[in-house]
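# Structural description and commentary
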Amino acid sequence: MSEEQPAGSPDDGPTPRAGQARRGRRRARPPRRHTVARVLVVTGLALAMVTALATVWLYRDLNGNLTVTDVTGQLTDRPDEVDVEGPQEPVNILVMGSDDRDGEGNNIDGLTGDGQRSDTTILFHLSADREHAYGVSIPRDSLVTRPDCTGPDGENIPGAEDAMWNEAFAVGGPACTIQQFEQTTDVRINHYVVVDFAGFKDMVDAIDGVPVCIPEDISDPAHGINIEAGSREIRGDEALNYVRARYTLGDGSDIGRVKRQQAFIAGMANKVVSGGVLARPDRLVGFLRAATKSLTVDPGMGNVVKLSKVGLGFQDIGLDNIRFITVPFEYDSREEFRGRIVWTEQAETVWQRIRNDQTISKRLDSGLLTAGNVPGSPRSTPDGGDEDESESPSASESESESGGPESPGASTAPRDESQTAALEAAGLCT
């Protein structure tokens, strides 16, 4: 009789077969939460990597779209910048719309000659306190003394007396327009932007159109314009031709076209800021792509980071404090210049206040618009109310003599008769 083996000894139970693993205690499975945590970490890292790569790709994509041209070497006798008080420096950006008339159907005004023209010139002034901004439009029919300027190839381009404003762009591009602006206003330009109108159409399409309000039906089959009266959003070629057309809308004047362009830009800004574009990545990316493809800028705004820094200057300015005016003018009385315009003495008041970074009274433009009060929208009076005109019966007296800034909170109240008349002449709702 064999001796008993201790319990649990190797001799207990049947001997395992060859190649058969000895059964032992089962190992406890690790808690499931560790596996889930690892999955979440890996997924998070993957998303972060994809996001980073997408951001880099988008940054490079947008940068690659921009056209950057330095025209500083072509500018001479530049005005000095005025020292002003404020947390930052004021910024003056000259925006020019480039319109190629060579394509079929593009020559809306029926002008002779080839190449590009600029029928749109707007100075955007951003105040040093970043509390208000102005868009001052210069009609292309303005008669000025065009100074000598330097062309893209370094050639001297002679100036001319009683030259139409847009001739400078036609003969010498953005540099000659900047030279002309600085010499006629004594306001120094910090940045410039040239917007290609064909690309402008893509910007409008990227945000699914811009709202307009038309008081009467517009029918112009020759230029693809057929818009029924009322409020609606327009896009594509219809939008492009709407902002360029002249003779079939309003009173047929260039001033009417300027006012419609102001209203259209105000409507676009309104929609981008308050219409959900910023909250829609697809629309925002599409808008940024279209915008960068449409722009020629100076090196100071030569990539999307620099461009965004300038744009961020507008972020704390309410839509009601982005105001659009037209340089004060009157029609030339000389028969040979019938239909052309000349700037009045009040124009110098506008440029003086821009130079000194002071606010501009709405009295200097009867058709003043703001990005928050587009024609056809409900009237609104922002906090702070409208300007107290009872204390200053004369714009030239109150602004040129006092030299002091007006209330930066002043903006658009219900329109008076002169404003209504100006908007009606432009073919806009009142």
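The structure displayed is predicted, hence computed values, not measured ones.

Conventions we followed
Residues numbered from 1 in each chain as written. Predicted model: local features only at pLDDT ≥ 70, side-chain atom pairs only at ≥ 80, totals over all residues. Heavy atoms only, no water. Helix = DSSP H or I, 4+ residues; strand = E, 2+ residues; numbered from the N terminus. Buried < 20%, exposed > 50% of the residue type's maximum accessible area, 1.4 Å probe, protein only. Contact = heavy atoms within 4.5 Å. Areas by Shrake-Rupley, 256 points an atom, 1.4 Å probe, with all protein chains shown as cover. Pairing = 2+ DSSP bridges. Disulfide = S-S within 2.5 Å. Lys, Arg positive; Asp, Glu negative; His and termini not counted. Salt bridge = Lys/Arg side-chain N within 4 Å of Asp/Glu carboxyl O. Polar contact = N/O pair within 3.5 Å; in protein donor to acceptor, adjacent residues only side chain to side chain. 1 Å grid on protein atoms, 1.4 Å probe; cavity = no way out; pocket = protein on both sides within 12 Å on 5 of 7 lines; lining within 4 Å. Points joined across faces, edges and corners; volume = space filled by probe spheres on them. Nonpolar A, V, L, I, M, F, W, Y, C, P; charged D, E, K, R; others polar. Axes fitted to C-alpha atoms, helices over the stretch in contact; angles between N-to-C directions. Parallel < 35°, antiparallel > 145°, perpendicular 65-115°, else oblique. Left-handed = near helix turned anticlockwise from the far one by under 90°. pLDDT = per-residue confidence, 0-100. Phe/Tyr/Trp six-rings, centres within 6.5 Å; stacked < 30°, edge-to-face > 60°.

### Some words on the overall build of the protein chain
Each helix and strand counted, the protein chain has ten helices and 18 strands in total. The buried share of the protein chain, taken over its 430 residues, is 46%. Expressed as a percentage of contacts within the protein chain between residues at least 6 apart in sequence, the contacts between residues at least 24 apart total 71%. If you sum the accessible surface of the protein chain, you get close to 22,300 Å²; carbon and sulfur atoms cover 51% of it.

### Quick notes on the pairing of strand β10 (residues 210–214)
Two faces, one strand: in a regular strand the side chains alternate between the faces of the sheet. Burial analysis of β10 places four of its five residues in the buried class, which makes it a mostly covered element. Taken together, the five bridges between β10 and strand β13 (residues 230–234) define a ladder with antiparallel strand orientation. Among the inter-strand pairings, Ile-214 is bridged to a residue of β13, identified as Gly-230.

### Some thoughts on the state of the cysteines
What the rule picks out here adds up to two disulfides. One disulfide in the model links Cys-149 with Cys-176; its S-S distance is 2.0 Å. Between Cys-149 and Cys-176, the S-S dihedral sits near 85°, and the bridge is therefore right-handed. Within this pair, whereas Cys-149 is found in strand β6 (residues 149–150), its partner Cys-176 is found in helix α2 (residues 167–185), the two being separated by 27 residues in sequence. We classify Cys-149 as buried; its relative accessible area is 4%. According to the relative accessible area criterion, Cys-176 is buried, its value standing at 2%. Here Cys-213 pairs with Cys-429 through a disulfide, and the sulfurs are 2.0 Å apart. The S-S bond linking Cys-213 to Cys-429 shows a torsion near -80°; that makes this disulfide left-handed. Taken together, the residues span a long stretch of sequence, with Cys-213 in strand β10 and Cys-429 in the segment after α10 (417–425) at a distance of 216 residues. Taken as a pair, Cys-213 and Cys-429 share a single burial class, namely buried.

### Examining the side chain of Asp-357
Among the secondary structure elements, Asp-357 is positioned in the loop between α8 (345–355) and β18 (369–370). For the buried residue Asp-357, which engages in no salt bridge, the nearest side chain bearing the opposite charge is Arg-130, 6.9 Å off. Engagement of the side chain of Asp-357 in a polar contact is seen with the backbone nitrogen of Ala-128, the distance being 3.1 Å. Excluding residues within four positions of it along the chain, Asp-357 makes contact with Val-84, Pro-90, His-125, Ser-127 and Ala-128.

### Section: unusual backbone geometry
Most peptide bonds are trans, and most residues other than glycine sit at a negative phi. Here the phi dihedral of Arg-130 falls at roughly 55°; this positive angle occurs in a residue that is not glycine. Tracing the sequence through the fold places Arg-130 in the loop between β3 (116–126) and β4 (133–137). Overall, Arg-130 belongs to the buried group, its relative accessible area being 13%. Of note in this structure, Asp-186 is not a glycine but carries a positive phi near 65°. Relative accessible area serves as the criterion here: at 43%, Asp-186 is assigned to the partly exposed category.

### A few points about the pairing of strand β15 (residues 322–326)
Of all five residues in β15, five are buried, a share of seventy percent or more. Residues Ile-322, Phe-324 and Thr-326 of β15 are buried on one face, and the alternating residues Arg-323 and Ile-325, pointing to the opposite face, are buried as well. The pairing of β4 with β15 spans five bridges and is parallel. What sits directly across from Ser-137, in β15, is Thr-326. Of the pairings in the sheet, the one linking β15 to β18 comprises two bridges and is antiparallel in character. Counted as the bridge partner of Arg-323 is Thr-370 from β18.

### Regarding the layout of surface pockets
The volume enclosed by the largest pocket comes to roughly 1,600 Å³. Taken together, 42 residues make up the lining of the largest pocket; nearest its centre are Met-203, Val-272, Phe-287, Gly-311 and Phe-314. Only β2 (91–100), β3, β9 (191–196), α3 (197–206), α5 (254–274), α6 (281–294), α7 (304–312) and β15 provide two or more residues apiece to the lining of the largest pocket. In terms of residue count, the dominant contributor to the lining of the largest pocket is α5 (seven residues). Grouping the constituent residues of the lining of the largest pocket by class yields 34 nonpolar, eight polar and no charged.

### Examining the packing of α3 against helix α4 (residues 236–244)
Between α3 and α4, the shortest axis-to-axis distance is 9 Å and the interhelical angle comes to 125°. Considering the angle they form, α3 stands oblique to α4. Handedness of the α3/α4 crossing: right-handed. On α4, the residues that touch Phe-197, Phe-200, Lys-201, Val-204 and Asp-205 of α3 are Gly-236, Asp-237, Ala-239, Leu-240, Val-243 and Arg-244.

### Let's talk about the confidence of the model for the protein chain
The share of residues in the protein chain with pLDDT of 70 or more is 70%, and the mean pLDDT across the chain is 77. For the protein chain, the element scoring lowest by mean pLDDT is helix α9 (residues 395–400), at 36; strand β5 (residues 143–146) scores highest, at 97. Note that residues 1–10 has pLDDT below 50 and, in this model, three contacts with residues that lie over four places away or in other chains. Note on residues 101–114: pLDDT under 50 across the span, and 27 contacts to partners over four residues away in sequence or across chains.

### Observations concerning the packing of aromatic side chains
For the structure shown, the criterion picks out seven aromatic pairs. Consider the rings of Tyr-242 and Phe-264, whose centres lie 6.2 Å apart with planes at 45°: the pair is tilted. In this pair, Tyr-242 sits in helix α4 while Phe-264 sits in helix α5, placing the two residues 22 residues apart along the sequence. Per residue, the accessibility class of Tyr-242 equals that of Phe-264, and both read buried.

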